[in-house]
Amino acid sequence: MQQQVYHSRDLQAWEQRWFQQQNSSYGLMQQVAWGISQRLITLFSEQKIKKIAVCCGPGNNAGDGYLVAKYLKQAGFQVDIYAAELGPSPDLVKAIQDAKQADLQPYSHFDFQTEYEAYIDALFGIGLNRQLDSDWQNVIQTVNQQTGLKISIDIPSGLDANTGQPLPVAIKADYTFTGLGLKAGLFTGQGKEYAGKIELISAIPTDAELQPIAQLASHQIQLPKREAFGHKGSYGHVLVIGGHADMGGAVIMAAEAAFAAGAGKVTIVCDAKHHTAILSRAPNVMLRDINLLTQEQRQALIQQVDAVCFGMGLGRDSWSEQQYTAWFELTQQSDLEVVLDADALWFLAKQPQVLNSQTYATPHPGEAATLLACSTAEVEMDRIAAIHALQQKYQGQWVLKGSGSLILEERLYICNAGNAGMGTGGMGDVLAGMIASLKAQFAQKIYLHEIVTLHALAGDELAKNGERGLQAQNMKHAIYQVVNR
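Computed from a predicted model, the values in this text were never measured in an experiment. (Residues numbered from 1 in each chain as written. Predicted model: local features only at pLDDT ≥ 70, side-chain atom pairs only at ≥ 80, totals over all residues. Heavy atoms only, no water.)

Peer 1: Help me understand the layout of surface pockets, please; the structure alone is not making it clear to me.
Peer 2: Where empty space is left becomes clear once a probe the size of a water molecule has been rolled over the atoms. Approximately 700 Å³ is the volume found for the largest pocket. What lines the largest pocket is a set of 31 residues, and nearest its centre among them are Gly402, Ser403, Ser405, Met422 and Gly423. Across the lining of the largest pocket, the residue classes break down as 11 nonpolar, 14 polar and 6 charged. In this model, the second largest pocket occupies a volume close to 600 Å³. Looking at the second largest pocket, it is lined by 28 residues, and the ones nearest its centre are Glu15, Asn60, Asn61, Asp64 and Asp154. Those elements that provide at least two residues to the lining of the second largest pocket are α1 (8-20), α2 (25-46), α3 (60-74) and β6 (175-179). Looking at the lining of the second largest pocket residue by residue, the classes come out as 14 nonpolar, 9 polar and 5 charged. (1 Å grid on protein atoms, 1.4 Å probe; cavity = no way out; pocket = protein on both sides within 12 Å on 5 of 7 lines; lining within 4 Å. Points joined across faces, edges and corners; volume = space filled by probe spheres on them. Nonpolar A, V, L, I, M, F, W, Y, C, P; charged D, E, K, R; others polar. Helix = DSSP H or I, 4+ residues; strand = E, 2+ residues; numbered from the N terminus.)

Right, dumping it as structure tokens:
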């Protein structure tokens with residue numbers, strides 16, 4: 001079952017409904033802090049950590065920090081608290097009193113008096129939605145510069161809970177213990193860079209009004225076992241269209257990924273100058289010269305295949321535009337599974353049209369910005385809003401690639417597999433080939449988010465010996481492994 005992901009305002013409203021039922025807000029703070037402290041006791045014992053600094057801000061997130069400090073001190077750890085000026089919260093006042101009764105006297109600054117083996121971040125919680133001033137930026141940078149383990153309570157301070165963007169800096173945590181529900185900003189945008197390993201501290205039962213904005217895509221994906229009497233015609237025919245005279249590599253990688261994911265047949269339609277190179281790498285690929293096909297031959301080819309991936313290495317000149325126009329209309333009028341990537345998305349932005357429900361568009365943030373007529377920075381500032389805007393404008397199904405890729409089908413999914421090594425040329429072509437392949441084989445029996453996750457897991461397989469220097473051309477070996485698990 002997928003884990004639910006929430007918007008901060010919905011979690012805050014849920015808390016208020018809980019309190020309106022005469023439940024104690026301070027009792028909830030104690031419960032969350034106790035849950036975090038018990039996990040920290042185990043973690044610190046395993047890593048032989050004894051000296052701990054707890055950094056507390058001005059709001060309720062600091063109350064969690066004071067109580068965690070108290071529970072850790074009672075468990076025998078050496079704990080110091082560094083604190084900001086007190087905020088107006090009654091619960092925070094109670095938490096400070098509790099900490100002082102445990103003989104914890106906070107330092108009223110963030111000049112660490114010694115080196116600690118762990119630093120607990122309770123500076124800001126999910127309510128932070130503004131750029132931090134220079135003083136708070138300096139505090140966060142000071143914490144980040146320390147060599148000890150970094151643990152954030154609820155969310156790394158300075159990170160937007162919903163977009164995953166730093167404001168403009170954030171704690172770089174090794175672990176984040178997040179209370180009540182998972183926040184979207186922990187998983188997309190830059191969230192993965194700051195959150196470290198994430199663990200949920202559940203404390204109260206969900207109610208009917210609490211609705212998720214997304215789900216984490218499950219890593220447990222089981223493809224159907226192949227039948228003994230199957231043949232190449234049983235497992236889908238993928239058509240790869242692109243390959244401008246100056247750009248032949250993208251169609252090769254898409255085609256190889258399609259075969260590695262299990263397609264029975266793959267045909268590439270591209271400039272004939274690439275045919276020799278393609279056959280030398282993948283002699284099982286069938287080839288057609290894109291420049292010699294008539295409209296009737298295109299139509300006949302479309303009728304012979306099960307899925308199309310279109311746009312890889314297509315180019316953006318007048319020849320490319322002619323090819324885009326000819327093939328786009330054919331694919332959209334068909335019942336095929338169609339993947340639009342790369343230059344096909346560029347032309348879609350120039351000639352906006354409504355996509356059918358079996359079209360899967362896979363932009364990176366720069367391409368999404370072109371499609372939405374905005375800047376890449378605006379897309380990255382709120383990736384969730386961006387992918388909803390893409391579907392609203394163009395319909396179809398969407399993947400917004402990047403760290404914490406977003407997948408919008410009937411609902412929104414976040415892929416939390418994958419790694420930074422996958423940020424290299426050709427990975428998108430590989431994904432397009434995988435989507436076309438698995439949709440050709442299973443159509444609506446496999447979800448788009450499952451395919452994106454398989455692609456990310458293949459990237460993780462490839463990165464087992466290191467992320468630096470990964471090459472998309474090697475993904476076919478890892479894809480073969482993950483689709484056969």
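Here the narrative resumes.
Peer 1: Explanation requested: the packing of aromatic side chains in the structure shown.
Peer 2: To describe a pair of aromatic rings, you give the distance between the ring centres and the angle between the ring planes. Inspection of every chain in the model, using the stated rule, returns 16 aromatic pairs. For the ring pair Tyr175 and Phe177, a centre distance of 6.4 Å and an interplane angle of 15° mean the geometry is stacked. Across the pair, exposure class does not vary: Tyr175 and Phe177 are buried alike. Where Tyr324 meets Phe328, the ring centres are 5.2 Å apart and the plane angle is 25°; that geometry is what we call stacked. Taken as a pair, Tyr324 and Phe328 lie in helix α10 (residues 318-332) at a separation of 4 residues, close to a single helical turn. (Phe/Tyr/Trp six-rings, centres within 6.5 Å; stacked < 30°, edge-to-face > 60°. Buried < 20%, exposed > 50% of the residue type's maximum accessible area, 1.4 Å probe, protein only.)

Peer 1: For this particular structure, what's the right way to read the pattern of salt bridges?
Peer 2: In the structure shown here, the tally under the stated rule is 14 salt bridges. Here Arg281 makes a salt bridge to Glu256, at a shortest N to O gap of 2.4 Å. Within this pair, whereas Arg281 is found in helix α8 (residues 275-281), its partner Glu256 is found in helix α7 (residues 249-260), the two being separated by 25 residues in sequence. Accessibility expressed as a relative area gives 7% for Glu256, which makes it buried. Salt-bridge contacts for Arg383 lead to Glu380; the nearest nitrogen and oxygen are separated by 3.0 Å. If you follow the salt bridges from partner to partner, you end up with Arg17, Asp207 and Glu209 in one network. (Salt bridge = Lys/Arg side-chain N within 4 Å of Asp/Glu carboxyl O.)

Fair warning: the whole summary comes from geometry, so function is off the table for now.
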